[in-house]
Amino acid sequence: MATYKFQLNGQAAMVESWDPAQPLLYVLRNQAGLHGPKFGCGLGQCGACTVLLDGKAVRSCVTPVRQAAGKNVSTIEGLGTPQKPDVVQAAFIAEQASQCGYCTNGMVMAAKALLAQNPKPSLEQVKQGLAGNLCRCGTHTRIVRAVMRASGAAV
Amino acid sequence: MATATFSRRNLLKTGGALVVSFAMGARVRAQTASGVDAALGKPLDATEVDSFLMVHADGSVTVYTGKVDLGTGLRIAIRQMAAEELELPVERVSLVEGDTALTPDQGGTGGSTGLTRGGVEVRQAAATAREALRKMSPADLASGKRFHLKVDPQAALKDPQTYKVVGQPILRPEIPFKATGRHPYVQDLTMAGMLHGRVIHPPAAGAKLLAVDPASIRAIPDVRVIRIENFLGVVAQDEWAAVRAARELKAKWGEAPALPGSENLDTYVRQGAVDRDAAVVNRGNSATAMAGAAKKLSATYFWPNQGHASLGPSCAVADVREGGVTVWSSVQASHALRLNLAKIFAMPPAKVRVVYMDGAGSYGGNGNDDVAADAVLLSRAVNAPVRVQWMRQDEHGWDPKGPQQLLDLRAGLDSQGNIAAWEAEMWVPMNRPGSRPLLSIDAAGLAQDHGQGAGLMTQNADPPYAAPHVRVVAHYLKDTPLRPSNLRAPGKIANVFAVEAFTDELSAAAGMDPVEYRLRGLTDARAIAVIRRTADMFGWQPKTTRSPQAPGNLLVGRGFAYARYKQAENYVAMAMEVAVDRSTGRIQVRRVACAHDCGLIVNPNALRNQVEGLIVQTLSRTIHEEVKFDRARVTSVDWSSYPILRFPEAPAIEVALIDHPELPLYGAGEAAAVAVPGALANAIYDATGVRLRRVPFTPERVKAALASD
């Protein structure tokens, strides 16, 4: 069984897979026990599985594990904790920007990548930046407000 | 630096139990029921206080409810209601939901009854227990004393004027965990020896399985193929192996009964065999009044099949052992699922336990019941706990659907434009008693109920406005092409769409402003209040003709709608501003104002979240959503073939919550939805002069309607 090494939330990690095409999502969830990234579609369409690969938001459900080798993988668990949330997570909590919360991982991670690129986005830029992430409960207005809040904008 | 190594072998060595995340020292919270199993054996009878409340040695209280939090805020709201009556801080009250071994059966969490039944029953138990709790000594508490009280329906509730906890916008306790990736969903549950299962649905509903070729997945490690008559599944230690095996396993399927296709479904429904007709409203004599009316209007409305489209496909873990089974599921009605599984698998109900865990939002009966049955079948076959998660095409393709609905409306106006007569006919699936049939159980050839129901579909087809002669007839169809189930605000969403879009036509025919026209037909002060508040918030300018349009492709309009949910509960008014691009047919809702009165408000923040979500979700359903199917199968099987609303389309939303602490509470998980399609259709008419009467309002349909106008 082939092994793959990468940095996972700032620490060296090694995983194994019988299939180099196994999506990173399954490895993170089932080997590393990181359940923040969620299986939503397996097609890269909804964003629930989003993680950062070298700082860039990727869909871990369609990212083969071999593509993570040698790279930095960040998951939502690496940002903060319920007691010490990072700035984006804290904004989601303050805005109560979640209903069922199944999309929240993707929203937080997409927002991290967006704010890293554009620390002071406009409302429209936030909406465009999250256009590829789906929320079924309809929490959109709160999520946008949370991202604006995380950017330091008055909400 | 040490390298953390993960392998399946390691996982198995550690029992495969809750895996500890190494990176941040974060531990996935305990997800098995072990922490609460100490309470096993407690009463479950809803007439007993001890069924709802358990007091601990430190004086804190656990509340047990059969209702579950589907992301709606019920989890904090029920704690607030209990804490208020018990005179405890809310932090001293915890909640256990939807565990059939621990929580009383309070009915499924549907029809917006989470608080109206779940919360109210808990509140009454808490009011009954208040005095007894106050009198308990430290020794009583330490000895685990129970209340041994019958719930007293007459027990005095706290005076709403003294409320300290109810009415407060207390933050939902699970959101810090959701926002940091640590909230336990059923999809995240792992346990010792657990295997991963996937099911292979047939290419057409009801097709027979003729042959399976296990050699086709020889290259995939450690997979077992499970075939039970026409049920086909795979089980593997590794989830990815199960996913690939399900995808690559070659199977030969036979013919299946043909579907009518979604293309001309309205015609199919109108011509469908009817089981019976029922007059659901019959007031005065509509036929005579219609004949004598000064002006008559009629219109036909159609609502398509829609999916629950849960963001995470349905998932369950089942552990069959010792003649019984435990199922972990995010099903909305755990007690009903328990009884159904007990009947299907011929197990005593006492040996079947369904434990609710959060899942992706379900908005009604999605695939959760089906996947639970899948997991039980597979666990029974391999004699180990099995986790089954549907793939995206399973959820979109096979979850039971919110059914199509066809409505004919007719109205007669008197010489002043008042409604003299109103007639509505609707075509809806007939109800049959018993549980909805589960896919894998039919496929496996096991006996089960073949009930049918999709919620209370016939309400709200009569106008909420003064109308002396009203007749609403439901034609209950014998057959409906796709397996129906309740989907948020069942039936009422289509009915109010029709009623409010039609009322807009009536106000235009009467030459009146739509808001003024509605107010003229209402006497209920609460109805008038939400309408006035909405008009104020929105800045509604009275109009008797369509809004003038600037040159260019963008047409801008405003629409209004009002409803009283189920004609008996929440008052909702909504105004909307929309821009329609006549070159593309695209609809952009710019802003929405909504005043909402659900009586007593328990948690205004969570309530507001519900109302906002209902507005956005229903805009999605109205603009985008239709389950399409051909002669064999559903063809809307992912997010590109079943698109939903995206962020750039999300409007600005302003919600006014009207609180009546002195009045009974109504549930708020559905009501605001029903005003959305009518307000939108009316705004589109104002912008374009086109009446859209068939959902969804896709760009193609809008363009076609504009071209034929």
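Computed from a predicted structure; not experimentally measured. (Residues numbered from 1 in each chain as written. Chains lettered and ligands numbered in written order. Predicted model: local features only at pLDDT ≥ 70, side-chain atom pairs only at ≥ 80, totals over all residues.)

Some points on the sheet that holds strand S3 (residues 61-65) of chain B
Residue and element names in this part refer to chain B. Reading across the sheet, the three strands line up as S2-S3-S4 and stay open at both edges, with mixed pairing between neighbours. With one partner strand each, in any of the chains shown, strand S2 (53-55) and strand S4 (93-97) form the two edges of the open sheet. For this sheet, the mean inter-axis angle between neighbouring strands, taken without regard to orientation, is 20°. Where S2 and S3 come together, three bridges link them in antiparallel fashion. (Pairing = 2+ DSSP bridges. Helix = DSSP H or I, 4+ residues; strand = E, 2+ residues; numbered from the N terminus. Axes fitted to C-alpha atoms, helices over the stretch in contact; angles between N-to-C directions.)

With respect to unusual backbone geometry
Residues and elements named next belong to chain B. Note the cis peptide between Val 695 and Pro 696, where omega equals 5°. Along the polypeptide, Pro 696 turns up in the loop between helix H18 (676-688) and helix H19 (699-708). Positive phi, close to 55°, is recorded for Asp 222, a residue that is not glycine. Structurally, Asp 222 can be placed in the loop between strand S6 (209-213) and strand S7 (223-228). According to the C-beta neighbour criterion, Asp 222 is partly exposed, with 14 such atoms within 10 Å. Positive phi outside glycine occurs at Asn 460, with the angle close to 70°. Following the sequence through the fold, Asn 460 ends up in the loop between helix H13 (439-443) and strand S18 (469-477). (Buried ≥ 20, exposed ≤ 12 C-beta atoms within 10 Å, placed from the backbone.)

Here's the deal with the sheet that holds strand S12 (residues 315-321) of chain B
Residue and element names in this part refer to chain B. Spatially, the seven strands line up as an open sheet ordered S7-S8-S5-S15-S12-S13-S14, and their pairing is mixed. Because the sheet does not close on itself, it has two edges, and the strands there are S7 and strand S14 (352-356). In this sheet, adjacent strand axes meet at a mean angle of 25° when their direction is disregarded. One ladder, built from six bridges, connects S7 with strand S8 (residues 231-236); its direction is antiparallel. Within the sheet, the bridge partner assigned to Val 225 lies in S8 and is Val 234. Taken strand by strand, helix H10 (residues 334-344) contacts strand S13 (324-329) and S14, and its axis lies near 150° from that of S14. Against the sheet, helix H11 (residues 368-382) makes contact with strand S5 (195-199), S7, S8, S12, S13 and strand S15 (386-389), and its axis sits at roughly 35° relative to S12, the strand it touches most. (Contact = placed C-beta atoms within 7 Å.)

Digging into the packing of helix H3 (residues 87-94) of chain A against helix H4 (residues 104-117) of chain A
The relative placement of two packed helices is expressed as an angle between their axes plus a distance between the axes. Residues and elements named next belong to chain A. Across the interface, H3 lies against H4 with an axial gap of 10 Å and an inter-helix angle of 130°. Of the possible angle classes, the one that applies to H3 and H4 is oblique. Like other packed secondary-structure pairs, H3 and H4 cross with a definite hand, here right-handed. Contacts between H3 and H4 pair Val 88, Gln 89 and Phe 92 from the former with Thr 104, Val 108, Ala 111, Lys 112 and Leu 115 from the latter. Here the residues of the contact of H3 with H4 are counted per class, giving five nonpolar, two polar and one charged. (Parallel < 35°, antiparallel > 145°, perpendicular 65-115°, else oblique. Left-handed = near helix turned anticlockwise from the far one by under 90°. Nonpolar A, V, L, I, M, F, W, Y, C, P; charged D, E, K, R; others polar.)

Let's talk about helix H14 (residues 492-509) of chain B
Residues and elements named next belong to chain B. For H14, spanning 18 residues, the distance from its first C-alpha to its last is 25 Å, which sits close to the expected 26 Å at 1.5 Å a residue. Counting buried positions along H14 gives 16 out of 18 residues, so the element sits mostly inside the fold. Of the residues trailing H14, Gly 511 is marked for its positive phi of about 65°. (Expected span 1.5 Å × (residues − 1).)

Things to note about the interface of chain B and chain A
Contacts between the two partners involve 59 residues from chain B, matched on the other side by 63 residues from chain A. Put simply, the parts of the chain that give the side of chain B that touches chain A at least two residues each are strand S1 (4-6), helix H6 (175-178), helix H7 (239-248) and helix H17 (604-623) of chain B. Looking at the side of chain B that touches chain A, its residues break down into 31 nonpolar, 19 polar and nine charged.

Comments concerning the nonpolar core
All names here are of chain B. Within the largest apolar cluster, 264 residues are counted, with the highest numbers of intra-cluster contacts made by Ala 675 and Ile 684. Top element by residues in this core is H14. It accounts for nine residues. Dropping the residues within four chain positions of it, Ile 684 is found in contact with Gly 557, Val 578, Val 580, Ile 587, Val 690, Leu 692 and Phe 697. (Core = buried A, V, L, I, M, F, W, Y, C linked by C-beta atoms within 7 Å.)

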